[in-house]
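Spelled out, the chains give:
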Protein chains: 4
Amino acid sequence: MRTTKIGKKAGRPRSAEKDEAILAAALELLATQGYVRMTLDQVASAAGVSKSTIHLRFKTKADLLTAALAAARMVDAPPPSGDVRTDLVAVLEDFAATVERVNGMALIGTCLAEEDHTPDLLALLRERTVLPRRALLREVLEQAREAGQVRPDADLEPAVSALLGPFYADYMAGRGGRPEWAEQAVDLVLAALAPQASDRGGRPRS
Amino acid sequence: MRTTKIGKKAGRPRSAEKDEAILAAALELLATQGYVRMTLDQVASAAGVSKSTIHLRFKTKADLLTAALAAARMVDAPPPSGDVRTDLVAVLEDFAATVERVNGMALIGTCLAEEDHTPDLLALLRERTVLPRRALLREVLEQAREAGQVRPDADLEPAVSALLGPFYADYMAGRGGRPEWAEQAVDLVLAALAPQASDRGGRPRS
Amino acid sequence: MRTTKIGKKAGRPRSAEKDEAILAAALELLATQGYVRMTLDQVASAAGVSKSTIHLRFKTKADLLTAALAAARMVDAPPPSGDVRTDLVAVLEDFAATVERVNGMALIGTCLAEEDHTPDLLALLRERTVLPRRALLREVLEQAREAGQVRPDADLEPAVSALLGPFYADYMAGRGGRPEWAEQAVDLVLAALAPQASDRGGRPRS
Amino acid sequence: MRTTKIGKKAGRPRSAEKDEAILAAALELLATQGYVRMTLDQVASAAGVSKSTIHLRFKTKADLLTAALAAARMVDAPPPSGDVRTDLVAVLEDFAATVERVNGMALIGTCLAEEDHTPDLLALLRERTVLPRRALLREVLEQAREAGQVRPDADLEPAVSALLGPFYADYMAGRGGRPEWAEQAVDLVLAALAPQASDRGGRPRS
DNA sequence: CATGAATGAGTCTTCATTCAT
DNA sequence: AATGAATGAAGACTCATTCAT
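Because the structure is a prediction, the values reported are computed rather than measured. (Residues numbered from 1 in each chain as written. Chains lettered and ligands numbered in written order. Predicted model: local features only at pLDDT ≥ 70, side-chain atom pairs only at ≥ 80, totals over all residues. Heavy atoms only, no water.)

### Things to note about the domain arrangement of chain A
Residue and element names in this part refer to chain A.
And step 1. For chain A, the domain assignment lists domain 1 (16–71) and domain 2 (84–193).
And step 2. One C-alpha centre belongs to domain 1, the other to domain 2, and the line joining them spans 28 Å.
And step 3. Contacts between domain 1 and domain 2 engage twelve residues on the former and 13 residues on the latter.
And step 4. For the pair domain 1 and domain 2, the two sides together bury roughly 970 Å², of which 76% comes from carbon and sulfur.
And step 5. Per-residue buried area on domain 1 facing domain 2 is highest for Ala31, Tyr35 and Leu69; these three make up 51% of the total on that side.
And step 6. Summed over the shared surface of domain 1 and domain 2, the result is zero salt bridges.
And step 7. Remark: the boundary between domain 1 and domain 2 carries one residue pair in polar contact (both at pLDDT 80 or more).
And step 8. For the side of domain 1 that touches domain 2, the secondary-structure elements that each account for two or more residues are α1 (16–33) and α4 (61–71).
And step 9. Grouping the constituent residues of the side of domain 1 that touches domain 2 by class yields nine nonpolar, three polar and no charged. (Domains from an automatic or database assignment. Contact = heavy atoms within 4.5 Å. Buried area = accessible area lost by both parts, 1.4 Å probe. Salt bridge = Lys/Arg side-chain N within 4 Å of Asp/Glu carboxyl O. Polar contact = N/O pair within 3.5 Å; in protein donor to acceptor, adjacent residues only side chain to side chain. Helix = DSSP H or I, 4+ residues; strand = E, 2+ residues; numbered from the N terminus. Nonpolar A, V, L, I, M, F, W, Y, C, P; charged D, E, K, R; others polar.)

What follows is the structure, encoded as structure tokens:
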């Protein structure tokens, strides 16, 4: 029978170290093996605990992995500079560095591949990493717009996608890992958003 | 003495319908289930053949899936228009339509997730779909450059990535499926590449 | 901190009954079915455990079977008599009885048949049953030699082979199961080894 | 519909070369792989025919293997000498040579192991190889008895088993392949059967 | 006749999950 | 709480055999 006395748990408290070890091992293995290929045995031995200890905390494999993804802190604090270009490049390079550090493309691939079966994975990834990073970029662009460095009528969301997008596109093309990509993307977007806009091809959208 | 009449193989010929059914089922299931989750039983019953019939053609699961991916024709012929913007948008929209049609993001996710275990998948995807599409886009841009609609010194590869990238970035952000994305991406890139370049932020790369 | 109380392993202990049941079932089936024909399903259901329980103890089918063979105690303690002939006959009859009890000829056949693929089987059979039994026989003969009942220069190894060999030869000839075989073999060997040796047909070997 | 015109078979006659190739390949593989492990595919490719061609001749795997064993001629004509010892040694050495040549111990093992499932195998082996060889040995011993080189009351069957048996016993003991075994066995048996038998340990059999 | 295709039954092994200590 | 045992449900791959050409 379960102890229901709340506020003061009876018995030995769950080890916080094991908590962390499990989540860290799970995230790492999720990236390197993918959802289905990763086994709880692998997680258990990587975390130095028994399989049952995992099940004690997470009822199911999917639970564990969503928790692992939720616990991941993958968007570092933005860099506090002043220049628009510098700031954008910094965010993008931090993005690339983070992805590389955690074998992120495989992780992203797993979340995409599992979208039908475990939609929480992609949702979490979005909420925890994608959207915060986009917010960072948009903020910089908004400040630039207020500073007159960006056209007042510029649509910022497509610009953000044009900043981040080349990373994915390059990876898919086998052009990943090129250090210049961030600067090139920023330059391209800033060129497109430059204020003196007179009458380029950019017709108003239908 | 062996039959020497060449060109007419002995025995029952292999059913071409089954060939097709197997590859089609495999591709479909690869996209909807992912590499590991998809089972040969599923493929067999989806294709209406026995499991052994699959093994007769493909020694291993990996073989089957690479063959299925290789057989997929996913880059349609380019649209024969004249206008730069129209052509670029057409390629991008065909891209998006194809991805949607074959549950492409899940497929891409699978290939990414499996990169460590079955690198052939991503390699094939690249060779068969990504690179051809990039070539299409680059060709259009080159013609535009010759026609004076694009700066002569423009670096085209980053531009291509800026055209395709937003598709991925949008999807990751949960903004996928918006019909305007292609036009927005094209307009942004064309704006950046416009010829009268006088003095934008684009400092020369280190 | 890990539990350091040694000698008392954590978790549920492995059932010794299941251990025994598995090994017994495996040995039995190895004899009745042969190596390849015997399936883990058969072992599992004969032992009243799940297949996974077997795999928990033995990583592979070969492991299981070598363990089963190794665990088999098939050479009973020698009979403590005094008379040479009686002792030899006793060892041989115990041999025959053991072989019959465990369907031994089929087991021996399996080990021989598998020699190329799983040499451990025959090696174990040799080490655990053949050689100990030979040692028993040789010991009796050595004592007989010391007691003057056997020629001093007699070569004992061939004599041992002549004692055991008829069992195999009879079986191959379809003459297995005859109860007199042991006494006949012993008599023949003792006759050949009798001491008054003057100069019979036994010419010295080249 | 099957052609039933007997005496004059219609259609192309079955290739005798293929017949032989199939049987030879089957026997070889039966020895090297064992009954269950050997596959019809292996036989087919070793014989250079298709699997169906095998089934055309032999309805089932067991049929093929019994036929292969039946076709094997493994007892060479007896050596035409005069001396008892020489003749016995010759038969035994031919026996050992044949066994070695056809990987015979594995073949014997297979027949023993399969005795419960395919008794025909051991029966054939017996009829075609064991019993003929025993007949050869007995014949030599009978002539020796008539020539007075062997006790008149000697029981010959046990003697034959004592001649052949050491081969099996040695093999089981890991002493196989020793060239002296045949002479040692013959010497031992002849010593036991020598005529001047007055009063050795060999008490009359019960 | 001869061949290659097609298949259904079966095998070892893996794994998420539940139990007992 | 933590651990190791136990298990049922798959899954990829094999093989003897039957079909179609």
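### Remarks on the packing of aromatic side chains
And step 1. One pass over the structure, following the stated rule, counts 16 aromatic pairs over all chains.
And step 2. Measuring from ring centre to ring centre gives 4.8 Å for Phe95(B) and Phe167(B), while their planes differ by 55°; the resulting arrangement is tilted. On the criterion of sequence distance, the pair formed by Phe95(B) in helix α5 (residues 84–101) and Phe167(B) in helix α8 (residues 156–173) is long-range, its members being 72 residues apart. Phe167(B) shares its class with Phe95(B); the two are buried.
And step 3. Pairing Phe167(C) with Trp181(C) gives two aromatic rings, centres 5.4 Å apart and planes at 55°, and the pair type is tilted. Of this pair, Phe167(C) sits in helix α8 (residues 156–172) while Trp181(C) sits in helix α9 (residues 181–193); the two residues are 14 residues apart in sequence, bridging distant segments of the chain.
And step 4. Within the aromatic cluster, the residues linked to one another by ring pairs are Phe95(A), Phe167(A), Tyr168(A) and Trp181(A). (Phe/Tyr/Trp six-rings, centres within 6.5 Å; stacked < 30°, edge-to-face > 60°. Buried < 20%, exposed > 50% of the residue type's maximum accessible area, 1.4 Å probe, protein only.)

### Some details on the relation of the copies chain B and chain A
And step 1. Least-squares fitting of chain B to chain A yields an RMSD of 0.2 Å, with the superposition described by an axial translation of 0.0 Å and a rotation of 179°. The relationship between the two copies is best expressed as a two-fold rotation axis.
And step 2. Comparing interface residues between copies, 100% of those in chain B also sit at the interface in chain A, which points to an isologous, same-surface contact. (Least-squares fit on C-alpha atoms with pLDDT ≥ 70 in both.)

### Looking at the confidence of the model for chain A
Residues and elements named next belong to chain A.
And step 1. Per-chain confidence: chain A averages 90 in pLDDT, with 89% of residues scoring 70 or above.
And step 2. In the predicted structure, residues 1–7 sits below a pLDDT of 50 and forms one contact with residues beyond four places in sequence or in another chain.
And step 3. In this model residues 199–206 is a low-confidence stretch, pLDDT under 50, and it forms 15 contacts with partners more than four residues away in sequence or in other chains. (pLDDT = per-residue confidence, 0-100.)

### A closer look at the packing of α8(C) against helix α7 (residues 119–146) of chain D
And step 1. With their axes 9 Å apart at the nearest point, α8(C) and α7(D) run at an angle of 120° to one another. Between α8(C) and α7(D), the angle falls in the class oblique. Residues Ala169(C), Asp170(C), Tyr171(C) and Met172(C) of α8(C) pack against Leu122(D), Leu125(D), Arg126(D), Val130(D) and Arg134(D) of α7(D).
And step 2. Residues belonging to the contact of α8(C) with α7(D) are distributed by class as follows: six nonpolar, no polar and three charged. (Axes fitted to C-alpha atoms, helices over the stretch in contact; angles between N-to-C directions. Parallel < 35°, antiparallel > 145°, perpendicular 65-115°, else oblique.)

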